[in-house]
Amino acid sequence: MESRPDDSRRRFMKGALWMISATTLGTGVMLSPTASAASSLQDYKPVFFTPDEWAFVLAACDRLIPADDTGPSALEANVPIFIDLQMQGDFGQARDWYMKGPFFEAPAELGYQSPLTPAQTYQKGIAATNTYCRQTFSKSFAELSAEQQDQLLTLLQKDALKFDGVSAKQFFDFLLQNTKEGYFADPIHGGNKNMEPWKMIGFPGARASYLEWVDLHNVKYPMGPVSLNGDRG
Amino acid sequence: MARQEKPVDVVLVGLGWTNSIMGMELAQEGLSVLALERGEDRDTVPDFAYPKMADELTYGVRYKLMAKPAKSTITVRHSLVETAVPYRHLGSFLPGDGVGGAGTHWNGHTWRPMPEELELRSYVENTFGKDIIPKDMTIQDYGVSYAELEPHFDFFDKVLGVSGQAGNVNGKIHEGGNPFEGPRSNEYPLPPLKRTLNDDLFTQIAKANGLHPFPLPSSNASAAYTNPYGMQLGPCNFCGFCERFGCLNFSKASPQTCILGALKQHKNFSYRANSEVLKVELADDKKTAKGVTYIDEQGEEVFQPAKLVIVGTFAYNNVRLLLLSGIGQPYDPVSNTGTVGRNYAYQTMGGATLFFKDKFFNPFIGAGSNATTVDDYAINQIDFAKEGFIGGSYLLAAQTNGQPIRSMPLPTGSPSWGAGWKKATKEYYGHSMSISSHGSNMSYRDCYLSLDPNYKDDHGLPLLRLTFDWKDNDIRMTQFMKGKVEALAKGLAPDHLNTSFKDFGAKYDVRPYQTTHNVGGAIMGTDPKTSVLNRYLQSWDVHNVFVLGSSAFPQNLQYNPTMLVGALAYWSAKAIREQYLKKPGPLVQA
Ligand SMILES: Cc1cc2nc3c(=O)[nH]c(=O)nc-3n(C[C@H](O)[C@H](O)[C@H](O)COP(=O)(O)OP(=O)(O)OC[C@H]3O[C@@H](n4cnc5c(N)ncnc54)[C@H](O)[C@@H]3O)c2cc1C
Ligand code: SF4
C-alpha cells in the first residue's frame, strides 16, 4: 500500500503520544543547553531552514530512521531540531575546516574538497532534490510516498543524480551522518529526546564510571542512561 | 617591527609531552625556561571536569580538543606527479593543540620499541642480507641503541605510572608478560588494569593457538600512584571517554597529570598559551639560532631571544618549522639530495569485528588502554626472507568505548539507514568485540614532506605538503596479519565476522581515522647526508636547535610512538645537561 504524503506527520504524532512519561529530572550539573529539554518538534520553529527546507528535512529524517516497534524514529527523537541547530554552529559553517582555495577535484581518498560548507550543501542539495522531484513527479520530496522517498534517497546515496554545483552523495552523506548524530548525541544538542535511542540500544550515556562493573562479565549492564544535564532515563 | 621580549636561556616551542619533559629537565638545571604553545591553556579542572567531557559529539566527533585545520593543516597527494590538496577536515590523524598537546587526548598505549627496530637496517642486513631490502626502501638505524635508552624508558614508565605485566626483566622471562620485548630493568610501576570479557576471550583463543597473550601496557592507572615528580594519579574508572577526551578522573597519564603540575612550581619556568611560533630566527652565519618569532594572544608579532631553541611541535609540524626557518637542506626525492622532509612514514592498521548474539560486552565499560595483545608476529619474530616483507604487528583485542555515534559496528551487509539499520543497531550494539593489528610502516624514497606551492595559512605561510602512499611491502605485511587475525577470530566462532585489511593497490585514505602516529621528516641518524638530527636530536646544521618527537623516527615502529618519543626527549635532555651546557656546539662531529 502506498502511504500518503501526510503519513510521516501522523506517524510522528502517534509516536509523540507513545513517548510521554519517560523523563525524570536528576540533579546533575547544568550545562548551558542549546535546545530546551522540553522542545517538541511540532512547536519548534527552525532557525536555519526555510519552511520548504524544513519539510524536506522532516520527511527525509522520517525515512532514514522511520517509526516502528523497534525503537524511536528520528522525528520522535527530535533529530531535525538537532540538524537545524548544527547548521548555524561551527559544523554547519565549517568554522574549524580549511576552506581556502584553490578547490580541485581529487580522488575520494584525499577527502573533502568542496568549497561549500555543510549548511550550503544542505541548502543546495535540498533545492536540487526538490527540483528533481517536481520535474519527475510534479511534487516536492516531502509530498512523495514513503517508497518514492526511499528510492530518491537511494539515488542520492549512490550519487546517481547529477546536480549543478553540489554533489548528491556529499549531501546525502551529511544528512545521514547528522541524522545518526542527532539520534545518538547527548540530548543537550537538541536530539535524542528523552534518551530513547540510548535506551533502545542500552547505552548509559554520560555515566562515565564503571570500575565496579568491569569484571562482571557477560551480564547486561542494568542501569539506564544519564545525560549531561543530569536527566535520568 | 616585532616587539622584543626579555631574553631567556631556553625557549620551548610547543608544550606537549616532549617539551613538558624537556622543560622539567632544564628547569631542574636552573635555566630560565619559557614555553610557547599555540593553543589554549588547559588543565584537568576546569577543562576536563565531569560531566563536560562525557560528550561524544563535541569531542569525539567534532574534535574540539584537536588542532583546527582552519588554522593549521597539511596538503596531501599520493605521488610526485600529482597536485596535493588540503586535509580540510580531520579524519586519518588528529593533531593536538593547546597545553598538553595530544598527550591530553591519547589512549595511553605505552610500548617500548624492540631493540631490533632501533637498528632496523643493520638487523635486516645482518640477519637476512642486504638483498631483501627493496631498492626504494630507505630504512635506517636510529643511531641510538635500546640499551642506551633503557634507563629513560624505565624512568618514563615511572613518570607515566604504566600499568602492565613485564615479560622480560633483566633477561629473565616472566610468565604472562611479553616474552619478545627487550629486557627491562624493572617491572611496570603498576599491575595491569582489570580485564573485560573481550580480554578473556582473546586470551583463551590466543593460548589455544600457542601464542603468548598479555595485557597491553597502559597509561591509564590501575591503582592510586605517585610518580617521581610527586604527581598523583587515581585508579581509572573505565569511563569510556578516553581517546579524544581529556581524563575527567586524574587517571590517564598526560603532561598535565604527570609533569606540568610539578613543573609550574619551578620559578624559572613559565609558559605562554595562544602563542604560535612562525620561525626560528638564525644568526647571520646560519650556524646558531637567536630565538623565535611568534604571534602573541593579541595577534602581535613578537621576537623572543633565547640561547637554546627546543622544537617540540609534533611530528610533521616540526618539519614545517625547520623548512620555514631555513634549517637544514630540504629533501628532494628526485635528485635524492637534502634531508629535511625525508622518510615520512605512518602506521599499517587492520582489523576484524566479531559479533556474538548471545554475549554482553557492555562496550561503554572501556578505557583507552584496555586491551589484551600478542606480540608473536613482531618484527623480531618474523622471517622476512621467507615471508617476503619487512615489518611486523602486534595484535590486540581492545574495548575502549561504546559511544554510539562512532562505535556502532554492524555485520557487513547491514542496511546503512531505514528500519533495517535501526533494527541492526538494537540487535548488535554491545554484542561485538574486535581483534586488530597495529603494524609498522617502512620509509621510501618518494614518501616525504615539503612546502606546498599552492596553499597558505592565515599568516600567508605555505602549508606543509605530504606525499605518501602504501607500498607492496607493507600491504604484504598487513595481509599476513589478516591471516593470523582471521584464524584467531574464527576460532572464537562468532555469528558474524567483519574484516578490514588493506589490499594491493589500496590508496592512502585521509578520511577514516587510523592513528596519529605520523613519523619521520626530521630524522635522527649518524650521517648528516641522510639525517637532519644527530643521535642526540640536535640539528646537524644549527647546534643550539634540538628537535623532539616522532619526526626523528627513520621509519615507523610496529608500536605506538609515545614511549620512544618520551625516552628520546630524556636522552636528549641528558646530553644537553651533561655535555652541551658545558660546551655549546655540535655534540657529534659531522
Ligand atoms: C587520538 C590520539 C590517540 C593517541 N593514542 C596514543 C597511544 O595510545 N599511544 C601512543 O604511544 N601514542 C598515542 N598518540 C600519539 C601521542 O599523542 C603523541 O605521540 C604525543 O602526544 C606526541 O607528543 P609531542 O610533544 O611530540 O606532540 P604534541 O603532544 O602534539 O604536542 C605538540 C604541541 O605543540 C604545539 N604547537 C604546534 N605547532 C606550534 C607552533 N608553531 N608554535 C607553538 N606551538 C605549537 C601544539 O599545539 C601541541 O600542543 C595518540 C594521539 C592521538 C591524537
Ligand atoms: S578511561 Fe580511565 S584513564 Fe581514560 S579518561 Fe576514563 S578514567 Fe581517565
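Residues numbered from 1 in each chain as written. Chains lettered and ligands numbered in written order. Predicted model: local features only at pLDDT ≥ 70, side-chain atom pairs only at ≥ 80, totals over all residues. Heavy atoms only, no water.

Draft legend 1. Spatial organisation of the overall build of chain B. Secondary structure assignment for chain B yields 13 helices and 24 strands. Projecting the C-alpha coordinates of chain B onto the three principal axes gives extents of approximately 70 × 55 × 50 Å. Per-residue burial for chain B yields a buried fraction of 67% across its 590 residues. In chain B, of all internal contacts separated by at least 6 residues, the share reaching a separation of at least 24 is 75%. Accessible area for chain B stands at about 19400 Å²; split by element, carbon and sulfur atoms hold 50% of it. Between the averaged position of the 57 positive side-chain charges in chain B and that of its 59 negative side-chain charges there is a distance of 2 Å. (Helix = DSSP H or I, 4+ residues; strand = E, 2+ residues; numbered from the N terminus. Buried < 20%, exposed > 50% of the residue type's maximum accessible area, 1.4 Å probe, protein only. Contact = heavy atoms within 4.5 Å. Areas by Shrake-Rupley, 256 points an atom, 1.4 Å probe, with all protein chains shown as cover. Lys, Arg positive; Asp, Glu negative; His and termini not counted. Charge placed at Lys NZ, Arg CZ, Asp CG, Glu CD.)

Draft legend 2. Structural context of the UniProt feature "domain: Glucose-methanol-choline oxidoreductase C-terminal" (unreviewed entry) in chain B. UniProt's entry tags residues 445-569 of chain B with the feature "domain: Glucose-methanol-choline oxidoreductase C-terminal" (unreviewed entry), counted in the numbering of this structure. From the first C-alpha to the last, residues 445-569 of chain B spans 27 Å; its make-up is 22% helix and 22% strand. (UniProt positions renumbered as here; feature names shortened; annotations may be inferred.)

Draft legend 3. Looking closely at the confidence of the model for chain A. Mean pLDDT over chain A stands at 88; residues scoring 70 or higher make up 84%. Every residue in residues 1-38 of chain A is under pLDDT 50, and counting partners more than four places away or in other chains gives 66 contacts. (pLDDT = per-residue confidence, 0-100.)

Draft legend 4. Quick look at the side chain of B:Ser325. Residue and element names in this part refer to chain B. You can see Ser-325 is positioned in helix α9 (residues 315-325). Its relative accessible area of 7% is what places Ser-325 among the buried residues. Discounting residues that sit within four places of it in the chain, Ser-325 has contacts with Lys-279, Val-280 and Leu-282.

Draft legend 5. Focus on the sheet that holds strand β21 (residues 462-467) of chain B. Residues and elements named next belong to chain B. Spatial strand order, β5-β4-β21-β20: four strands in an open sheet with mixed pairing. Looking along the sheet, the strands with just one partner apiece sit at the ends: β5 (85-86) and β20 (448-456). With two bridges connecting them, strand β4 (residues 74-77) and β5 associate as antiparallel partners. Considered in β5, the bridge of Thr-75 is made with Pro-86. Along the sheet, α9 makes contact with β4, β20 and β21, crossing β21 at roughly 125°. (Pairing = 2+ DSSP bridges. Axes fitted to C-alpha atoms, helices over the stretch in contact; angles between N-to-C directions.)

Draft legend 6. Structural detail: the nonpolar core. Within the largest apolar cluster, 163 residues are counted, with the highest numbers of intra-cluster contacts made by B:Ile259, B:Val280 and B:Met433. Ranked by residues supplied to this core, first place goes to helix α13 (residues 562-580) of chain B with 12 residues. Grouped together as the second largest cluster of nonpolar side chains are 87 residues, A:Leu75, A:Ala119, A:Leu156 and B:Tyr59 included. (Core = buried A, V, L, I, M, F, W, Y, C linked by side-chain atoms within 4.5 Å.)

Draft legend 7. The sheet that holds strand β17 (residues 371-374) of chain B, seen in detail. All names here are of chain B. Reading across the sheet, the six strands line up as β8-β17-β18-β19-β16-β22 and stay open at both edges, with antiparallel pairing between neighbours. If you trace the sheet from one side to the other, it starts and ends with β8 (214-215) and β22 (496-501), each paired once. With four bridges connecting them, strand β18 (residues 393-398) and strand β19 (residues 432-439) associate as antiparallel partners. Following the sheet pairing, Ser-393 is matched in β19 by Gly-439. This element, helix α7 (residues 197-208), spans β17, β18 and β19 of the sheet and lies at about 15° to β17.

Draft legend 8. Summary view of the confidence of the model for chain B. Per-residue confidence for chain B gives a mean pLDDT of 98; residues scoring 70 or more make up 100%. Our summary of model confidence lists the complex with pTM equal to 0.95 and ipTM equal to 0.97.

Draft legend 9. Geometry of the packing of helix α6 (residues 146-160) of chain B against α13(B). Residue and element names in this part refer to chain B. Contact pair α6 / α13: the axes reach a minimum separation of 8 Å and the direction vectors enclose 115°. Between α6 and α13, the angle falls in the class roughly perpendicular. The hand of the α6/α13 crossing is right-handed. Along the contact surface, α6 presents Glu-148, Leu-149, His-152, Phe-153, Phe-155, Phe-156, Asp-157, Val-159 and Leu-160, while α13 presents Thr-562, Met-563, Leu-564, Gly-566, Ala-567, Leu-568, Tyr-570, Trp-571 and Lys-574. Among the residues making up the contact of α6 with α13, the classes are represented as 12 nonpolar, three polar and three charged. (Parallel < 35°, antiparallel > 145°, perpendicular 65-115°, else oblique. Left-handed = near helix turned anticlockwise from the far one by under 90°. Nonpolar A, V, L, I, M, F, W, Y, C, P; charged D, E, K, R; others polar.)

Draft legend 10. Structural view of empty space enclosed by the protein. All names here are of chain B. This model, assessed by the stated rule, comprises eight cavities of 30 Å³ or more. For the largest cavity, the calculated volume is near 110 Å³. Around the largest cavity, the lining is made up of 14 residues, and of these Trp-111, Asn-178, Glu-181, Arg-184 and Tyr-188 lie nearest the centre. Residues that form the lining of the largest cavity fall into these classes: seven nonpolar, three polar and four charged. (1 Å grid on protein atoms, 1.4 Å probe; cavity = no way out; pocket = protein on both sides within 12 Å on 5 of 7 lines; lining within 4 Å. Points joined across faces, edges and corners; volume = space filled by probe spheres on them.)

Draft legend 11. Region of interest: the environment of B:His543. Residues and elements named next belong to chain B. Note on placement: His-543 falls in the loop between β23 (519-521) and β24 (545-547). Take His-543: its relative accessible area is 18%, and that puts it in the buried class. Setting aside residues up to four positions removed in sequence, His-543 forms contacts with Lys-287, Thr-288, Gln-538, Tyr-580, Pro-584, Gly-585 and Pro-586. A polar side-chain atom of His-543 sits 2.8 Å from a polar atom in the side chain of Tyr-580. (Polar contact = N/O pair within 3.5 Å; in protein donor to acceptor, adjacent residues only side chain to side chain.)

Draft legend 12. How the structure looks around a nonpolar patch on the surface. A cluster of nonpolar side chains, contributed by B:Leu80, B:Val81 and B:Val334, occupies part of the molecular surface with about 320 Å² of accessible area. In this fold, B:Leu80 is placed in the loop between β4 and β5. (Patch = residues over 30% accessible without salt bridge, like charges linked within 9 Å, V, L, I, M, F, W, Y side chains within 5 Å. Salt bridge = Lys/Arg side-chain N within 4 Å of Asp/Glu carboxyl O.)

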